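Now for the letters of each chain:
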Amino acid sequence: TAADLARLLDHLGIRKAALVPLGADVRFAMRLAIARPELVSGILACSGTLPISTPAQYDRMGKWHKFILANARYAPLILPFLVRAGFSLARRIGKEQFLNSVNAGSPADIRTFADPEVREAMLLGSEVSLSDWHIAYEAFSRECIDSETDWSDTVRQCPAPVLMLQGGQDPQSPKATIEELIPQFPNIDITIIDDAGQLLFFQEWPRVLDELEKFLPA
């Protein structure tokens, strides 16, 4: 993924860029910064994840996230079957009901998803993964397995400045887990927004753009 991003930036003639990864995609941005440090002026992660390692950190997650990600770490061979079943459920009950179920533990995410523009963006943006004409369970499973490996060295070696805006109600990266991990990664800045969840980017986009401006190349 990092190599694809580098090729895309080269193809477009972009010599330096600030990156805004969402969720676990922060590791791809960091890997790009390590491989091509001249390309990345900064990374602003929205509800990003950090590498976790203990059962207690999985136990804190929302039920859907814990079910998928704990299996990605401890039972990766069975994960594609579980994900396929989850995708089938989403198709049967409808994406909107499914996403509401996934977000159920975060009042901030439920409120954000209720915004018509946000809901439309997410329903359209998930068309490839959750549709009746394409099944993406294998790719989704590989991505989850990769995210649950130990990529601590990637975080520590990242040469670009990193700011993580974290939702205090994020079901995948709960506040307690993020606060537990902060001392392990002194090279990154973390700001927790209590009244936000995993959909922080959609809820707080004016603040995201204000923070991003600080990373833009001159």
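Quick caveat: nothing in here was measured; it's all calculated off a predicted structure.

### Some thoughts on the nonpolar core
Stage number 1. Among the nonpolar cores identified, the biggest contains 42 residues, and Met30, Leu32, Val40, Ile43, Leu50 and Ile188 are the most heavily contacted of them.
Stage number 2. Ignoring anything within four residues of it in the chain, the contact list for Leu50 reads Trp151, Val155, Met164, Ile178, Leu181, Phe185, Ile188 and Ile190.
Stage number 3. If you look at the next biggest cluster of nonpolar residues, it comprises 11 residues, including Ala18, Leu165, Ala196 and Val208.

### Observations concerning the packing of aromatic side chains
Stage number 1. Inspection of every chain in the model, using the stated rule, returns four aromatic pairs.
Stage number 2. Seen from their ring centres, Phe201 and Phe202 are 5.6 Å apart, and the 80° between their planes marks the pair as edge-to-face.
Stage number 3. In this structure Phe201 comes out as partly exposed when scored by relative accessible area, which is 30%.

### Looking at the pairing of strand 3 (residues 162-167)
Stage number 1. Strand 3 sits mainly inside the fold: six of its six residues count as buried.
Stage number 2. Here strand 3 shows a buried face lined by Val162, Met164 and Gln166 and a second buried face lined by Leu163, Leu165 and Gly167.
Stage number 3. Pairing between strand 2 (residues 40-46) and strand 3: four bridges, direction parallel. Within strand 3, the residue paired with Cys46 across the bridge is Leu165.

Thresholds, definitions, all that
Residues numbered from 1 in each chain as written. Predicted model: local features only at pLDDT ≥ 70, side-chain atom pairs only at ≥ 80, totals over all residues. Heavy atoms only, no water. Core = buried A, V, L, I, M, F, W, Y, C linked by side-chain atoms within 4.5 Å. Buried < 20%, exposed > 50% of the residue type's maximum accessible area, 1.4 Å probe, protein only. Contact = heavy atoms within 4.5 Å. Phe/Tyr/Trp six-rings, centres within 6.5 Å; stacked < 30°, edge-to-face > 60°. Helix = DSSP H or I, 4+ residues; strand = E, 2+ residues; numbered from the N terminus. Pairing = 2+ DSSP bridges.

All quantities given are derived from atomic positions and should not be read as evidence of function.
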